[in-house]
Amino acid sequence: MRIFYVLPCLLSLMLSIFTTPSTSSIDSFIYGGCSQVKFWPGSAYENQVNSLLTSVVNSAMYISYNNFTSQSQGSSSAVYGLFQCRGDLNSGDCSRCVDRAVSQLGTICPGSAGGALQLDGCFVKYDNTTFLGVEDKTVVLKKCGPSMGLTSDSLTHRDAVLAYLGTSIGSYKVSNSGNVYGVAQCTGDLSTSKCLDCVSDAVQRLRTECGAADWGDMYLAKCYARYSERGDHSRGGKDDDNNKNDEEIQKTLAILIGLIAGVALLIVFLSFLGKVYGKDREGK
Ligand SMILES: *[C@@H]1O[C@H](CO)[C@@H](O)[C@H](O)[C@H]1NC(C)=O
Ligand SMILES: *[C@@H]1O[C@H](CO)[C@@H](O)[C@H](O)[C@H]1NC(C)=O
């Protein structure tokens with residue numbers, strides 16, 4: 001079944017309204033999507049989805065990747081699921097991230113037969129078709145920084161980072177050269193060769209589609225590759241900086257407006273007092 005990925009910015013806005021704001025970049029929303037097919041409320045399938053997602057949350061307390069299949073008796077339908085934490089997370093952060101991803105899936109995909117959600121630190125997906133072990137190089141999210149952001153020196157470092165990510169073996173890989181940092185990861189269900197094929201595709205796309213941008217994120221359905229200068233892989237982190245600036249500006253504006261309003265009120269009050277006393281004097 002096809003999962004339709006929705007605009008990440010729209011969704012993160014929705015999520016930030018309906019859920020508590022994320023506190024760390026691990027929880028930063030990257031993308032999410034739901035299948036348009038819905039299940040019947042109260043159906044056996046609904047129970048299967050709920051118990052699968054419960055297993056996902058429980059399992060993430062102990063390991064960073066797992067897959068699940070739920071084929072209940074008396075129901076012809078099956079549901080498959082997996083979660084994958086970012087390779088550098090400790091078990092506490094992995095568990096918290098998956099917990100959050102599952103609850104956000106519930107918010108954005110209520111009643112959907114399938115759904116997928118990527119936060120900065122973890123990925124969770126469930127569906128009624130077997131996607132486990134299947135390579136999928138569909139581009140789900142592509143983001144490039146401002147073009148021509150890299151100097152030719154940095155571009156050389158960027159290409160070295162991407163070359164390493166695209167050719168070395170491993171499910172989670174990090175690399176840096178000079179001031180450029182890169183990271184790539186596959187979901188744990190992919191074999192070594194499928195993972196390598198997926199990441200090299202993502203890397204190739206970064207190179208051609210992001211040009212000399214100073215950062216790039218390429219999320220395919222089963223793997224991703226990202227690079228950036230300064231090693232700030234979290235676009236969330238960069239957005240936070242902007243948000244902080246915006247917040248500062250808003251605060252300053254609010255204080256200014258408050259001050260102006262206060263002064264205006266004071267003037268009105270004083271002129272009122274002046275009139276009253278003026279009249280008093282006139283009266284005398
Ligand atoms: C998945 O669920 C939809 C909706 O119930 C159904 O049409 C489809 O055949 C199912 N696919 C599989 C592989 O069970
Ligand atoms: C799914 O998990 C089982 C263990 O629970 C493991 O043996 C199997 O290899 C996994 N399959 C995939 C595709 O990751």
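Note that this is a predicted model, so its numbers are computed, not measured.

Trainee: Is there a simple way to think about the state of the cysteines in this case?
Mentor: Inspection of every chain in the model, using the stated rule, returns six disulfides. The disulfide that involves Cys34 links it to Cys109, with 2.1 Å between the sulfurs. Residues Cys34 and Cys109 are joined through a disulfide that is left-handed, its torsion about the S-S bond being -80°. You can see Cys34 sitting in strand 2 (residues 29-35) and its partner Cys109 sitting in the loop between helix 3 (91-108) and strand 5 (115-119), a full 75 residues away along the chain. A relative accessible area of 15% means that Cys34 is categorised as buried. Each disulfide pairs two cysteine sulfurs, and for Cys198 the partner residue is Cys223, the sulfurs being separated by 2.2 Å. On the S-S bond that ties Cys198 to Cys223, the torsion sits near -95°, and the link is left-handed. Taken together, the residues span a long stretch of sequence, with Cys198 in helix 5 (residues 192-209) and Cys223 in strand 11 (residues 223-229) at a distance of 25 residues. If you count the bonded cysteines of the protein from the N-terminus, they pair up as 1-5, 2-3, 4-6, 7-11, 8-9, 10-12.

Trainee: When you look at the sheet that holds strand 7 (residues 139-144) in this model, what are you seeing that I'm missing?
Mentor: By definition, the strands of a sheet pair up through backbone hydrogen bonds, in either a parallel or an antiparallel sense. Taken together, the five strands give an open sheet; going across it, the order is 7-10-11-9-8, and neighbouring strands pair in antiparallel fashion. Each edge of the open sheet carries a strand with a single partner, namely strand 7 and strand 8 (172-177). On average, each strand axis in the sheet is tilted by 5° relative to the strand beside it, whichever way the strands run. Bridging between strand 10 (residues 215-220) and strand 11 involves five bridges; their strand directions are antiparallel. Bridge pairing links Gly216 to Tyr227 in strand 11. On top of the sheet, helix 4 (residues 152-167) reaches strand 8, strand 9 (180-186) and strand 11; it is set at about 155° to strand 8, its chief contact. Across the sheet, helix 5 touches strand 7, strand 8, strand 9, strand 10 and strand 11, and the angle it forms with strand 10 is around 140°.

Trainee: Whenever I open this one, the pairing of strand 9 confuses me. Can you help?
Mentor: Side-chain positions along a regular strand alternate between the two faces of the sheet. Burial analysis of strand 9 places six of its seven residues in the buried class, which makes it a mostly covered element. Here strand 8 runs beside strand 9; their pairing, made up of six bridges, is antiparallel. By the bridge assignment for strand 9, Val174 is matched with Val183. Between strand 8 and strand 9, which follow one another and run antiparallel, lie two residues, and Gly178 among them has a positive phi close to 60°. Direction of pairing for strand 9 relative to strand 11: antiparallel, over a ladder of seven bridges. Bridge pairing in strand 11 links Cys186 to Cys223.

Trainee: Can you walk me through the confidence of the model for the protein in this structure?
Mentor: Close reading of the predicted structure is inappropriate where its pLDDT is low. Of the residues in the protein, 75% have a pLDDT of 70 or more, and the chain-wide mean is 83. When pLDDT is averaged over each helix and strand of the protein, the minimum, 48, is found for helix 1 (residues 8-18) and the maximum, 98, for strand 5. Ignoring residues within four places in sequence, the model shows residues 13-23, a span with pLDDT below 50, making 13 contacts including any to other chains. Ignoring residues within four places in sequence, the model shows residues 234-249, a span with pLDDT below 50, making 13 contacts including any to other chains.

Conventions and cut-offs
Residues numbered from 1 in each chain as written. Chains lettered and ligands numbered in written order. Predicted model: local features only at pLDDT ≥ 70, side-chain atom pairs only at ≥ 80, totals over all residues. Heavy atoms only, no water. Disulfide = S-S within 2.5 Å. Helix = DSSP H or I, 4+ residues; strand = E, 2+ residues; numbered from the N terminus. Buried < 20%, exposed > 50% of the residue type's maximum accessible area, 1.4 Å probe, protein only. Pairing = 2+ DSSP bridges. Axes fitted to C-alpha atoms, helices over the stretch in contact; angles between N-to-C directions. Contact = heavy atoms within 4.5 Å. pLDDT = per-residue confidence, 0-100.

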